[in-house]
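Residues per chain are reported as follows:
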Amino acid sequence: MGTNPNPKLVAILGAGAWGTALGNLAQTNGHQVRIWSRQGSQTLASVIEGADIILSAISMKGVSSVAEQVKSLPVSPKSIFVTATKGLDPQTTCLPSQVWQITFPDSPVVVLSGPNLSKEIQKSLPAATAVASSIPSAAEFVQVVFSSHLFRVYTNPDPLGVELGGTLKNVIAIAAGVCDGLQLGTNAKAALVTRGLTEMVRIGVQWGAKMETFYGLSGLGDLLATCNSALSRNYQVGYQLGSGKTLTEILANLEGTAEGINTTQVLVQRAKQQYISMPITEQVYRVLQGEITPEQALSELMLRDMKPEYH
Ligand SMILES: NC(=O)C1=CN([C@@H]2O[C@H](COP(=O)(O)OP(=O)(O)OC[C@H]3O[C@@H](n4cnc5c(N)ncnc54)[C@H](O)[C@@H]3O)[C@@H](O)[C@H]2O)C=CC1
Ligand SMILES: O=C(CO)COP(=O)(O)O
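The following refers to the structure shown. (Residues numbered from 1 in each chain as written. Chains lettered and ligands numbered in written order. Predicted model: local features only at pLDDT ≥ 70, side-chain atom pairs only at ≥ 80, totals over all residues. Heavy atoms only, no water.)

### Examining the nonpolar core
Then comes step 1: One finds Ile203, Phe214, Val237, Leu267 and Leu288 to be the most contacted residues of the largest nonpolar core, which totals 42 residues.
Then comes step 2: Of all the secondary-structure elements, those providing two or more residues to this core are helix H7 (159-181), helix H8 (186-207), helix H10 (233-242), helix H11 (247-253), helix H12 (260-273) and helix H13 (279-289).
Then comes step 3: No other element matches H7, which puts 10 residues into this core.
Then comes step 4: Setting aside residues up to four positions removed in sequence, Ile203 forms contacts with Leu168, Leu267, Arg270, Ala271, Ile276 and Met278.
Then comes step 5: With 26 residues, the next largest nonpolar core counts Ile53, Ile80, Ala127 and Val142 among its residues. (Core = buried A, V, L, I, M, F, W, Y, C linked by side-chain atoms within 4.5 Å. Buried < 20%, exposed > 50% of the residue type's maximum accessible area, 1.4 Å probe, protein only. Helix = DSSP H or I, 4+ residues; strand = E, 2+ residues; numbered from the N terminus. Contact = heavy atoms within 4.5 Å.)

Next up, the structure:
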């Protein structure tokens, strides 16, 4: 641990790949880090006691129940909640930050999202991320705690856009994996990711996010990382689907969480309800359901009605 004249107490919820990497970043900066996981020996109460930051890196499926558990415990009035989960709640379609904010209406909530493949960060490779909150001073606090010569943290004024960027790109990362699994080439991949970004912007802006946020680290940045890296679990799922495996076979061997599978389902419902066209997301959904093959999805996308690029 380095010496820090102003050390903070950082409680990390979730000892998976991302929680562990974020804990290491804070610890390297000289902060005191306590990590809680449901399998660990430390109690949740002892981990969050007096924390300046309570950072959740829990998979989406566990966020609501962990937030409820935290609510039943004494939380320091100074605690800032940070969410690093990239997903959508299947029951409510809420984003992780909304779950935390609904549970803790009087506490600041900060979203942390960017192109952050945890295995690279664990190897001390350089990376950048965005932190965003409706309370700018809370985002600035988190920026200071996590920033280092290896981890450049930018503040952003659009928490909804930052969180949606990281969440929605998982669907396109699955599609990009399918594209590579089918060996469709670089042109096809570039077209897919670009049109995928168009879909993210379309639904994201309708959701209330700012368009420019999707061209920043948490949107385009995270697309570039996860659509081109075998380290991305979402990409891995897509790649193996494109190589002919079934989802059941893939999930039996997948290391960690691929949030895009659940996000695709929630997104397809929302897009339908709001009459938003999301052709790539819809084809990813049908492939994940086993309704169509990746090859059929490709031809569905290529044979859509002709249209202008911007519409
Ligand atoms: N691994 C990565 O490179 C990055 C991951 N993320 C996001 O962070 C989140 C976590 O990802 P990973 O750490 O990679 O996943 P992981 O699968 O390695 O860890 C997930 C963690 O959530 C906990 N968890 C799951 N369900 C729970 C429940 N019901 N109650 C309590 N705890 C529960 C697990 O015990 C584990 O500690 C995901 O939303 C992911 O999209 C974001 C950026 C980078
Ligand atoms: O979000 C991530 C990197 O920014 C991690 O991607 P995966 O969840 O696809 O592994």
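### Observations concerning the pairing of strand S1 (residues 9-13)
Residues in a regular strand point their side chains to alternate faces of the sheet.
Then comes step 1: Burial analysis of S1 places 5 of its 5 residues in the buried class, the great majority of the element.
Then comes step 2: On S1, burial covers both faces: Leu9, Ala11 and Leu13 on one face and Val10 and Ile12 on the other are all buried.
Then comes step 3: Here S1 pairs with strand S2 (residues 32-36) via 5 bridges, running parallel. Its bridge partner lying in S2, Leu13 is registered against Trp36.
Then comes step 4: A crossover connection joins S1 to the parallel S2 through helix H1 (residues 17-28); in handedness this β-α-β unit is right-handed. (Pairing = 2+ DSSP bridges. Right-handed = clockwise from strand over helix to strand, strands pointing away.)

### Brief notes about empty space enclosed by the protein
Then comes step 1: Counted according to the given criterion, the structure contains 1 cavity of 30 Å³ or more.
Then comes step 2: One number sums up the size of the largest cavity: a volume of about 30 Å³.
Then comes step 3: Taken together, Leu168, Val171, Ile172, Gly196, Glu199, Met200, Leu267, Met278 and Thr281 make up the full set of residues lining the largest cavity.
Then comes step 4: Of all the secondary structure elements, the ones that give two or more residues to the lining of the largest cavity are H7 and H8.
Then comes step 5: Of the residues that constitute the lining of the largest cavity, the class distribution is 6 nonpolar, 2 polar and 1 charged. (1 Å grid on protein atoms, 1.4 Å probe; cavity = no way out; pocket = protein on both sides within 12 Å on 5 of 7 lines; lining within 4 Å. Points joined across faces, edges and corners; volume = space filled by probe spheres on them. Nonpolar A, V, L, I, M, F, W, Y, C, P; charged D, E, K, R; others polar.)

### Some remarks on the site of ligand 2
Then comes step 1: By nearness alone, every residue bordering ligand 2 is listed as Lys86, Gly114, Pro115, Asn116, Leu117, Lys169, Asp222, Thr226, Leu231, Ser232, Arg233 and Asn234.
Then comes step 2: In the model, an oxygen atom of ligand 2 is placed 2.4 Å from a nitrogen or oxygen of the Arg233 side chain.
Then comes step 3: A distance of 2.7 Å is found between an oxygen atom of ligand 2 and a side-chain nitrogen or oxygen belonging to Asn234.
Then comes step 4: Here ligand 2, which alone exposes 300 Å², has 92% of that area covered by the protein.
Then comes step 5: Of the pockets mapped on this structure, ligand 2 occupies the largest pocket. (Near = heavy atom within 4 Å. Polar contact = N/O pair within 3.5 Å; in protein donor to acceptor, adjacent residues only side chain to side chain. Areas by Shrake-Rupley, 256 points an atom, 1.4 Å probe, with all protein chains shown as cover. Sits in = over half its atoms within 2 Å of the grid points.)

### Things to note about H7
Then comes step 1: Between its first and last C-alpha, H7 extends 34 Å over 23 residues, near the 33 Å set by a 1.5 Å rise per residue.
Then comes step 2: Remark: the principal bend of H7, roughly 30 degrees, maps to Asn170.
Then comes step 3: Most of H7 is tucked away: 20 of the 23 residues are buried.
Then comes step 4: Within two residues after H7, Gln183 carries a phi angle of roughly 55 degrees, on the positive side. (Expected span 1.5 Å × (residues − 1). Bend = angle between axes of the 7 residues up to and from the residue.)

Interpretation in functional terms is not warranted from these geometric data alone.
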